[in-house]
Every structure is written in C-alpha cells, then in structure tokens.
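# Coordinate inspection notes
Read off the chains here:
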Amino acid sequence: MIDLFSGLDAWVVVSLVLALTFVLAFEFINGFHDTANAVATVIYTKAMPPHLAVFFSGVFNFLGVLLGGVGVAYAIVHLLPVELLINVNTGHGLAMVFSLLAAAITWNLGTWYFGIPASSSHTLIGSILGVGLANALISDIPLGDGVNWQKAIDIGMSLVLSPMAGFAVAALVLLGLKWWRPLSKMHKTPEQRRKLDDKKHPPFWNRLVLVISAMGVSFVHGSNDGQKGIGLIMLVLIGIVPAKFVLDLNSTTYQIERTRDATLHLSQFYQRNEATLGEYLALGKAAAGDLPEQFSCNPQQTEPTIAALQTSLQGVTDYRALDSEKRVEVRRYLLCLDDTAKKVGKLPGLEPREKADLEKLRKDLTATTEYAPFWVIVAVALALGLGTMVGWKRVVLTVGEKIGKQGMTYAQGMSAQITAACAIGMANVFSLPVSTTHVLSSGVAGTMVANKSGLQGGTVKTILLAWVLTLPATMGLAAGLFWLATKAIS
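Residues numbered from 1 in each chain as written. Predicted model: local features only at pLDDT ≥ 70, side-chain atom pairs only at ≥ 80, totals over all residues. Heavy atoms only, no water.

## Quick notes on the overall build of the protein chain
Each helix and strand counted, the protein chain has 19 helices and 0 strands in total. Here the protein chain holds 490 residues, and 54% of them are scored as buried. Sequence separation of at least 24 residues holds for 83% of the intrachain contacts in the protein chain that already meet a minimum separation of 6. Here the protein chain has roughly 20900 Å² of accessible surface; of this, 64% comes from carbon and sulfur atoms. (Helix = DSSP H or I, 4+ residues; strand = E, 2+ residues; numbered from the N terminus. Buried < 20%, exposed > 50% of the residue type's maximum accessible area, 1.4 Å probe, protein only. Contact = heavy atoms within 4.5 Å. Areas by Shrake-Rupley, 256 points an atom, 1.4 Å probe, with all protein chains shown as cover.)

As structure tokens, then:
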C-alpha cells in the first residue's frame, strides 16, 4: 500500500482517497444494517452483553472477510458489462465509483435512521445497475448491453429466494424444537424468563447455541457482505489507478505460467469442439492481427485474442516487467476470453464433461485478475466491525420486538440464527451475494408465524416496502448522479 500514491497527480490522489473513504463509509454504514442483525438476537435475548456481542461479532466478521475469498466480490463487479470494465479511464472511473457509492450511502443512511432493516446488498446492486444502464444511454449502446443481465438474474434469484428459504426453514426448525421439547424453558421470552424464573439470562445450553450461532452469522456475513466492499474497492482501484491494479503484481512466475497455459488449453478446447463451436467463434476465419484498434469483446475474435495474449505474455515472469499500457491490454484479453468462455459454456451441444473442463480453464484465466490486496481485506473488515459497534441499537429493537406481536423466545432466536448462518454459508459456497438483513428478519418472521405469535403488519409492510423500493430507488439515484458526473467531466 505504501507505493499506492507514488507517481500520481495531486488531483488523482485526492480523488482516490475520497473514493476509498466513500467505500469504507459504505461498509461502516453496512454495519448499522447487516452486521447489527448478526448480534440482534443474542443481545435481545441477553445471551451476551452488548459490548461483548459487538466486539466478538467484529472479530468473527474480520475472520469471515479474511478467509472468505473473493468470489462474491467479483460477482458484484461483473454485474457491469465486460465492455465497461475493460474500457475504464480515470475520469470515467471516478464518475462511476462516486455515483454508485453516493446513491448506496444515501439510501442506507435513510433506512437506518428510521430503523428499517433494509438490505445493503439490494442497495449496492441497485446502484451498480443504475450506473450500467446510465452508461448505456450516454454511450448510445442498447440497454440490453448496459448490464450483465445473466449475472444480474443469478444474483436477483439468490436475493429473492434466500429470504423465502429463511422464512420456511426457520419456521420448520422452531416446530421441530417445540415437538422435541414442548415444555422447555427455551420457549420463553426474556421478559417471561425474568418474571417467572427470576433469571436474567437464557438457560445454559440455549445461551451457548445463541452465542455460537450469532458468531456463525457474523462469520458468514463477513465472508459475504465484506466481499461486496472488497469488490467496490477493487472497482475504485482499477478505475482510478488501473496500471497498478488491473493485474495482481504479486503473482508468482508459476501463476503467470498457469495463465499462459490456460490460453493454450483454451485454444485446444475450441479446436477439439470445432464442430459445435466453429461457427459461433468463427474458428479458422480470423488471423492473429485481426483485432480492431478499438478493442471490444466479440466471440468471433476469440482466436486473434488468444494469439495476442500469448504474444503479450511470451517470456513474462513478472507482471511488473510489463509497462502500464501492456498490463491493461493483458487484462482486457483475459476478461474477454473469460466472458466468451462463460457464454460458450451455456451453449447447447457441449457435453457436461467438456463444460466442466471449460469451467476449470476459466478459473485459471482469471487467477491473476480476480484478487484483492491484503490491506483491502483488513480495511473492509475493520469498517464493518466499527459500524456494528456504533449503530446496532435501532435494528436490535426492530428484530426483537417489532416483527412479531410478542417478544422473541430463545427458541425463535436460535432457529432464525441457525437458519441464517446456514443459508448465507451456502450462498458463499456458490459465490452468490445475499442479504443478511432479509434472511435473518424473514427467519424471525417465520418463527413468529410458526409460534402463532402473529406479525406486526406495520413493521412487515415497512420492511417489504423497503425491499421493493430499494432497487428502483437506488438505480434511479445512481443513474442520475452518473449522468450529472459525466456531464461535469465532459
């Protein structure tokens, strides 16, 4: 990180510092919303004192970010079309980054102020989609090409289905606990426990499960939502100082060789499947020098792109040996080959085994472009943890008392937290961003229904309204800000 600002103009340094501050502010505010949900149940049930709960939640969030990888981070990044990702310049990158961050932060602060468990995931995704669509309108390209719609659909499905699954599974877990131990003290609320048993804390085993499941939610939250912040910072760094971050400059010689070999094996894969893919990729019809001056991703230019990439990487053992323009060029080739391979993998006619081979080649192709420096991971983890410690009270009250007509029982808290931890953990395995807020709050709602406690219509309607309005509101806000920013730059 020390040489991050070396050789940069003063205005670029100021812009970079502001952009990074915006991202970390977004993650800090994310702590108000999503990380607060991770400790809401354990604080409400008095299983842990608030100061200990938020401290250990911060620790497990940190570990989650540290160990979670970057799959979800780049799922967020690739919501933007590959054309926009490969043709970013400093001015355009600044407009893109500040627009989506300003929109996301504005909406998050507004919903937090009113104590609404709104989703930071929806907020961020809506902002990115708004920038992509606005860029399409400004650049006179079809709206269908303004966003990576396939990735948007995949993420949209995960955001829609995960709360439904949380509602149903948490309800079933609670019903199972009531069937197993119908007279257990775990079915009391904290208020009932205090009045009837004169006890402040849950029974020992219930308390232990509540604490462990809360830390589990914190861990998976860090590895899912923390990665969204990592993806944002990588967008900032690649957009503003591309020469230093378009490729992982710490890649080993082996990793670079692996990337180079992947392009050779990709070429062999296409030749092996020429009967199926020949027409789609125009195999054998384009020469090595046929790439246009204004580079764009086109499946029919796959062979020239492979040839150009192999030439660019010939004899390279360290990415630092490449000049800044060549690094940007190599990344463009890698992203385009990966984008085409992803489209090829969805074509009919390929055998499942061949599709699996293609997926492995894609991982090798992106090994040195989909990464995050360690300082980025640490900064995001710290921002999430600090946000938790400042803003947890409003959301704890909403989750504990305002979703159901009665207070939450210990069994309900355990059911909702175990469900949330498992659901978000599964999403991490498949590199899909989900909303901790919606999974946990829908889990609580499911337990309220299963417990025949009933739901508070006003709170549920407010949460649903925020869920419905977040995407269009943030898309419109980000699109408007991006349009204004590009006009100001031009």
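After that view of the structure, there is still more to cover.
## Section: the packing of aromatic side chains
One pass over the structure, following the stated rule, counts 4 aromatic pairs. Judged by centre distance (5.3 Å) and plane angle (90°), the ring pair of F22 and F98 falls under edge-to-face. Highlighted residues: F22 in helix α1 (residues 10-44) and F98 in helix α5 (residues 90-113), separated in sequence by 76 residues. You can call F22 partly exposed: its relative accessible area is 31%. With 5.8 Å between their ring centres and 70° between their planes, F269 and Y270 make a pair best called edge-to-face. With a relative accessible area of 1%, F269 lands in the buried category. Given the relative accessible area of 2%, Y270 is considered buried. Taking NZ or CZ as reference, R181 lies 5.4 Å from the ring centre of W180, over its face. (Phe/Tyr/Trp six-rings, centres within 6.5 Å; stacked < 30°, edge-to-face > 60°. Lys NZ or Arg CZ within 6 Å of the ring centre and 35° of its normal.)

## Brief notes about the packing of helix α11 (residues 253-272) against helix α15 (residues 352-365)
The N-to-C vectors of α11 and α15 enclose an angle of 155°; their axes lie 8 Å apart at closest approach. When the interaxial angle is binned, α11 and α15 end up roughly antiparallel. The crossing of α11 and α15 is left-handed. Of the residues in α15, those touching α11 at R258, T259, A262, T263, H265, L266, F269 and R272 are E354, D357, L358, L361, D364 and L365. (Axes fitted to C-alpha atoms, helices over the stretch in contact; angles between N-to-C directions. Parallel < 35°, antiparallel > 145°, perpendicular 65-115°, else oblique. Left-handed = near helix turned anticlockwise from the far one by under 90°.)

## Some thoughts on α11
The terminal C-alpha atoms of α11 lie 28 Å apart, and with 20 residues this matches the ideal 28 Å at 1.5 Å per residue to within 8%. Turning to α11, its buried residues are I256, T259, R260, A262, T263, L266, F269 and Y270. (Expected span 1.5 Å × (residues − 1).)

## Description of the environment of M215
Within the secondary structure, M215 sits in helix α9 (residues 204-240). Since its relative accessible area comes to 7%, M215 is described here as buried. Along the chain, M215 and A421 lie 206 residues apart, while their C-alpha atoms are 8.9 Å from each other. With residues near it in sequence (within four places) discarded, M215 still touches M48, A53, F56, S57 and F60.

## Notes on the environment of V211
Tracing the chain through its elements places V211 in helix α9. The class of V211 is partly exposed, set by a relative accessible area of 21%. Sequence separation of V211 and A47 is 164 residues, and the distance between their C-alpha atoms is 6.6 Å. If sequence neighbours within four positions are ignored, V211 has contacts with V42, A47 and M48.

## Some words on the nonpolar core
In terms of nonpolar packing, the biggest core is built from 85 residues, with I230, L237 and Y270 touching the most fellow members. Once you skip the residues sitting within four places of it in the chain, L237 turns out to touch L4, L16, L20, P242, F245, W375 and V376. (Core = buried A, V, L, I, M, F, W, Y, C linked by side-chain atoms within 4.5 Å.)

## Describing the pattern of salt bridges
Across all of its chains, the model carries 12 salt bridges by this definition. In this structure, R193 engages D197 in a salt bridge whose closest nitrogen and oxygen atoms are separated by 3.1 Å. Residue R193 and its partner D197 are located together in helix α8 (residues 190-197), separated by 4 residues, close to a single helical turn. Exposure remark for R193: the relative accessible area of 7% places this residue in the buried category. With its nearest N and O atoms 2.6 Å apart, the salt bridge here joins D338 to R362. One end of the pair, D338, is in helix α14 (residues 324-345); the other, R362, is in helix α15, with 24 residues separating them in the sequence. Through salt bridges with shared partners, a single ionic network connects K188, R193 and D197. (Salt bridge = Lys/Arg side-chain N within 4 Å of Asp/Glu carboxyl O.)

## Looking at the side chain of T302
By the element assignment, T302 lies in helix α13 (residues 302-313). Residue T302 is classed as buried on the basis of its relative accessible area, which comes to 2%. Polar contacts involving the side chain of T302 include one to the main-chain carbonyl oxygen of P299, which spans 2.6 Å. With near-sequence residues (within four places) excluded, T302 lies in contact with Y270, L281, L337 and T340. (Polar contact = N/O pair within 3.5 Å; in protein donor to acceptor, adjacent residues only side chain to side chain.)

## Looking at a nonpolar patch on the surface
A cluster of nonpolar side chains, L52, F55, F56, V59, L63 and L67, forms an exposed patch at the surface whose accessible area comes to about 490 Å². Judged by its relative accessible area of 31%, L63 falls in the partly exposed class. (Patch = residues over 30% accessible without salt bridge, like charges linked within 9 Å, V, L, I, M, F, W, Y side chains within 5 Å.)

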